[in-house]
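Analysis of the macromolecular model
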Amino acid sequence: TTYKSCFVGRDAVDFVLREGLAATREEAVDLCQSIMTELSLFEHVTRDHVFKDDYLFYRFVERGDRGDVFFNVETGKKFSWGDYLDPTRGPSSSVANVGMQLQPDMPL
């Protein structure tokens with residue numbers, strides 16, 4: 001099976017730490033778990049795991065997969081990692097610059 005637009009939990013934790021969104025790996029896991037459960041932006045590819053700092057694959061939820069929870073009601077646009085980054089931090093905080101790191105197509 002090939003899962004498209006997926007990322008590895010451990011890589012997401014590294015990203016959150018690198019961007020300064022959390023001070024520890026535990027805080028980064030808590031943040032990712034909150035985004036996963038409260039905003040339903042992504043899920044484990046087979047829905048068997050909560051978010052973990054491990055070599056587990058997660059995928060962004062597509063429109064219609066779970067309803068419209070992942071849309072910003074103020075803008076009407078889909079939430080993305082970029083919504084959680086500080087826009088004043090410059091190009092390193094751009095989702096486009098890390099997109100390939102977080103969303104490779106991974107065969108399983």
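Because the structure is predicted, anything quoted here is derived from the model rather than measured.

1. Remarks on the environment of Phe57
- Turning to its location among the elements, Phe57 is positioned in strand E4 (residues 57-60).
- Judged by relative accessible area, which is 6%, Phe57 ranks as buried.
- A sequence separation of 48 residues divides Phe57 from Gly9, and the C-alpha atoms of the two residues are 6.3 Å apart.

2. Some points on helix H2 (residues 25-38)
- Between its first and last C-alpha atoms H2 spans 20 Å; for 14 residues at 1.5 Å apiece the expected length is 20 Å, and the two agree.
- Its buried side turned inward, H2 meets helix H1 (9-18), strand E3 (42-44) and E4.
- Immediately downstream of H2, the backbone of Ser40 shows phi near 55°, a positive value.

3. Digging into the packing of aromatic side chains
- Evaluated as defined, the whole model comprises eight aromatic pairs.
- Of the aromatic side chains, those joined through ring pairs into one cluster are Phe7, Phe42, Phe51, Tyr58 and Phe60.

4. Overview of the sheet that holds strand E2 (residues 6-8)
- With antiparallel pairing, three strands are arranged side by side in an open sheet as E2-E4-E3. A single partner strand is all that each edge strand has here, and the edge strands are E2 and E3. On average, each strand axis in the sheet is tilted by 35° relative to the strand beside it, whichever way the strands run.
- Pairing of E3 with E4, which is carried by three bridges, proceeds in the antiparallel orientation. When the sheet's bridge partners are listed, Phe42 is paired in E4 with Phe60.
- Across the sheet, H1 lies against E2 and E4, angled at about 75° from E2, the strand it touches most.

5. Things to note about the side chain of His44
- By the element assignment, His44 lies in strand E3.
- For His44, a relative accessible area of 6% translates into the label buried.
- If sequence neighbours within four positions are ignored, His44 has contacts with Met36, His49, Leu56, Phe57 and Tyr58.

6. Re unusual backbone geometry
- Of note, the phi angle at Ser40 is positive, near 55°, even though the residue is not glycine.
- Positioned with a positive phi, Arg47 is a non-glycine residue whose angle comes to about 60°.
- Among the structural elements, Arg47 can be located in the loop between E3 and E4.
- For Arg47, a relative accessible area of 57% puts it in the exposed group.

Parameters at a glance
Residues numbered from 1 in each chain as written. Predicted model: local features only at pLDDT ≥ 70, side-chain atom pairs only at ≥ 80, totals over all residues. Heavy atoms only, no water. Helix = DSSP H or I, 4+ residues; strand = E, 2+ residues; numbered from the N terminus. Buried < 20%, exposed > 50% of the residue type's maximum accessible area, 1.4 Å probe, protein only. Expected span 1.5 Å × (residues − 1). Contact = heavy atoms within 4.5 Å. Phe/Tyr/Trp six-rings, centres within 6.5 Å; stacked < 30°, edge-to-face > 60°. Pairing = 2+ DSSP bridges. Axes fitted to C-alpha atoms, helices over the stretch in contact; angles between N-to-C directions.

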